[in-house]
Amino acid sequence: MIPSIRETLSTALTLLLFCVVGAGLLSGAYTLTRPAIEITEQAEKLALISQTLPPGSFDNDLVGDARPLPVNALLGLKRPGLSYVAQKEGKSTAVVLEAAAPDGYAGEIRLLVGIHADGRIAGVRVTAHHETPGLGDYIEIAKNKWITQFDARSLADTPADQWQVRKDGGRFDSMAGATITPRAVVKATHKALQFFAAHQEELLNVGCGYRMVGASSEERTAPSTGGHSRCGSLRSPHPTSGDQ
Amino acid sequence: MFSQETRDIITNGLWKQNPGLVQILGMCPLLAISSNVVNALSLGLATTLVMAIASGSVAVIRNIIPHEIRIPVFVLIIAALVTVVELAMHAWVHALYIVLGVFIPLITTNCIVLARVEAFASKRATGHSVLDATMMGLGLTGVLVTLGALREIVGKGTLLSGIDLALGPMAKDWVIPVIPDYHGLLIAILPPGAFIGLGLLIAWRNWMQERRAR
């Protein structure tokens, strides 16, 4: 039996009604939870970033002052990441870079590398990875203190051939049974330091002619979200596309 | 104290028709998330909540849903509820939200939810539908938690690890070290452990059932 047009229409309208009610419910829930979600996400990010810096070493809004980083082979990021400048009393004391080790045992390992203005590492933390639970996951600070051995290391105090795990002749420990994971992290940290060394000026100088020399064409040079005012005469308060 | 029907609904959900061990429904989250008790319990309860509300709302409006479009309407209701639960977890139990990750939205596709709505709630009174969904959900949660406990003890030698993710940092000391100085058996944590554990649980249930029949 073929249903009449009337029947078809009323069925379709009923379905539409359900869709409208469903959409209303969802947008209500979204509006209700949005502020709480934003607060927790910011707090979580801040907690993670500040782990890589000594307590009390900054007094600025790290997340709010975040600035984009270009896609750069040294940072290993597939998409542009962010850098977080730590400032105390208006002076840049350190910078936290988002970086990634593409060659983990099970894919990419994402890192935050905190570097003091003098080039020493303030702290390294793993933010995301897929390493084997119970085997390669000792790179997480929650599981093991392994990652803290990077603290205070720098390009100056550790020569390039020492940026390896002990098994390969370097100075960094690793655990038996899982060498690929720490190898990737050590390499990525070393590269992040090299990136810092090459771009120290731009990374630490907030909002002033921010430009990555020699970066690839994919680089994104967006204006920083805050702190132009600290820049004085170097830059107009309203960034234009022409000043990059 | 309960009517025969109510009692039947309860025993069906928890034992006779247990979704995990008898109907073998909802395996995707069951196997993926049951690597420890806290994850298993959290996802189990979230699923139970969605099932109870979904069955309740479908039972209330069962007479105005045209028969031809009942499945899309059910899916729409379930998906909307899951999204609301997901948003709420994201906002208020953020750490747990990160751990459970993709498995929260996947509650939508968990066939046990749709199965109870279609087989029970679309035909029965609201109170019974909510009870049925709750019992089925608790039955599934029970299997999840048992499996989670098994895998956690064998795999890590602890119970309730990660409870601080659900209840905040003050719960950090609640982790029970069942076997001290245990180095863990990785296979129990990895996916094969879930299959082996589930197999053992199903075998245990069948054995109980046979023994009772004799």
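About the thresholds
- Residues numbered from 1 in each chain as written.
- Chains lettered and ligands numbered in written order.
- Predicted model: local features only at pLDDT ≥ 70, side-chain atom pairs only at ≥ 80, totals over all residues.
- Helix = DSSP H or I, 4+ residues; strand = E, 2+ residues; numbered from the N terminus.
- Buried ≥ 20, exposed ≤ 12 C-beta atoms within 10 Å, placed from the backbone.
- Contact = placed C-beta atoms within 7 Å.
- Pairing = 2+ DSSP bridges.
- Axes fitted to C-alpha atoms, helices over the stretch in contact; angles between N-to-C directions.
- Parallel < 35°, antiparallel > 145°, perpendicular 65-115°, else oblique.
- Left-handed = near helix turned anticlockwise from the far one by under 90°.
- Nonpolar A, V, L, I, M, F, W, Y, C, P; charged D, E, K, R; others polar.
- Core = buried A, V, L, I, M, F, W, Y, C linked by C-beta atoms within 7 Å.

Draft legend 1. Expanded view of the overall build of chain A. Counting secondary structure elements, chain A contains two helices and five strands. When the helices and strands of chain A are read in sequence order from the N terminus, they spell out α-β-β-β-β-β-α. Counting all 244 residues of chain A, 32% fall into the buried class. Across chain A, every contact between residues at least 6 apart in sequence was considered, and the portion connecting residues at least 24 apart equals 51%.

Draft legend 2. Region of the structure containing the pairing of strand 3 (residues 91-104) of chain A. All names here are of chain A. The buried count for strand 3 comes to 10 of 14 residues, which makes it a mostly enclosed element. Sheet topology note: the strand 2 (residues 82-88)/strand 3 ladder contains six bridges and is antiparallel. Among the inter-strand pairings, Lys 88 is bridged to a residue of strand 3, identified as Lys 91. Count of turn residues in the strand 2/strand 3 antiparallel hairpin: two residues, of which Glu 89 carries a positive phi of about 50 degrees. Sheet analysis places strand 3 next to strand 4 (residues 107-116), joined by nine bridges and oriented antiparallel. Residue Ala 99 lies in a different strand from strand 4, and its bridge partner there is Leu 111. Connecting the antiparallel pair strand 3 and strand 4 is a turn made up of two residues.

Draft legend 3. Looking closely at the packing of helix 1 (residues 4-16) of chain B against helix 7 (residues 126-156) of chain B. Residues and elements named next belong to chain B. Their axes nearest at 7 Å, the elements helix 1 and helix 7 cross at an angle of 25 degrees. Between helix 1 and helix 7, the angle is such that the two are roughly parallel. When you trace helix 1 past helix 7, the crossing you get is right-handed. On helix 7, the residues touching Glu 5, Thr 6, Ile 9, Ile 10, Gly 13 and Leu 14 of helix 1 are His 128, Leu 131, Asp 132, Met 135, Met 136, Leu 138, Gly 139 and Gly 142. Among the residues making up the contact of helix 1 with helix 7, the classes are represented as seven nonpolar, five polar and two charged.

Draft legend 4. Region of interest: the interface of chain A and chain B. With 18 residues of chain A at the interface, the matching set in chain B holds 18 residues. Class assignment for the residues of the side of chain A that touches chain B results in 11 nonpolar, six polar and one charged.

Draft legend 5. The arrangement of the sheet that holds strand 1 (residues 67-68) of chain A in detail. Residues and elements named next belong to chain A. The sheet built from five strands is open, its strands ordered 1-2-3-4-5 with antiparallel pairing. Each edge of the open sheet is held by one strand with a lone partner, namely strand 1 and strand 5 (121-128). Here helix 2 (residues 180-204) sits on the sheet in contact with strand 2, strand 3, strand 4 and strand 5, set at roughly 145 degrees to strand 3.

Draft legend 6. Local environment of unusual backbone geometry. Backbone geometry places Glu89(A), a non-glycine residue, at a positive phi of 50 degrees. Position of Glu89(A) among the secondary structure elements: in the loop between strand 2 and strand 3. Of note, the phi angle at Ile24(B) is positive, near 45 degrees, even though the residue is not glycine. A residue is classified by how many C-beta atoms lie within 10 Å of it, and Ile24(B), with 13 of them, is partly exposed.

Draft legend 7. Inspection of the pairing of strand 5 of chain A at higher detail. Residues and elements named next belong to chain A. Where burial is concerned, most of strand 5 is hidden: six out of the eight residues are buried. The pairing of strand 4 with strand 5 spans six bridges and is antiparallel. Paired with Arg 110 across the bridge in strand 5 is Ala 128. Taking the residues that link successive antiparallel strands as the turn, the strand 4-strand 5 hairpin has four residues, and the phi of Gly 119 there is positive, at about 95 degrees.

Draft legend 8. Looking closely at the nonpolar core. Counting 53 residues, the largest nonpolar core has Val50(B), Ala54(B), Ile77(B), Ile78(B) and Val113(B) as its most contacted members. Listing elements by their share of this core, those giving two or more residues are helix 2 (27-33), helix 3 (37-60), helix 4 (70-92), helix 5 (94-100), helix 6 (111-121), helix 7, helix 8 (163-167) and helix 10 (191-213) of chain B. Sorting elements by how many residues they give to this core places helix 3 of chain B first, with 12 residues. Those residues in contact with Val113(B) that sit more than four places away from it in its chain are Val50(B), Met51(B), Ala54(B), Ile78(B) and Ile107(B). Membership of the second largest hydrophobic core comes to 43 residues, among which are Ile109(A), Tyr138(A), Val165(A) and Phe196(A).

Such coordinate-based values are descriptive only and should not be taken to indicate function.
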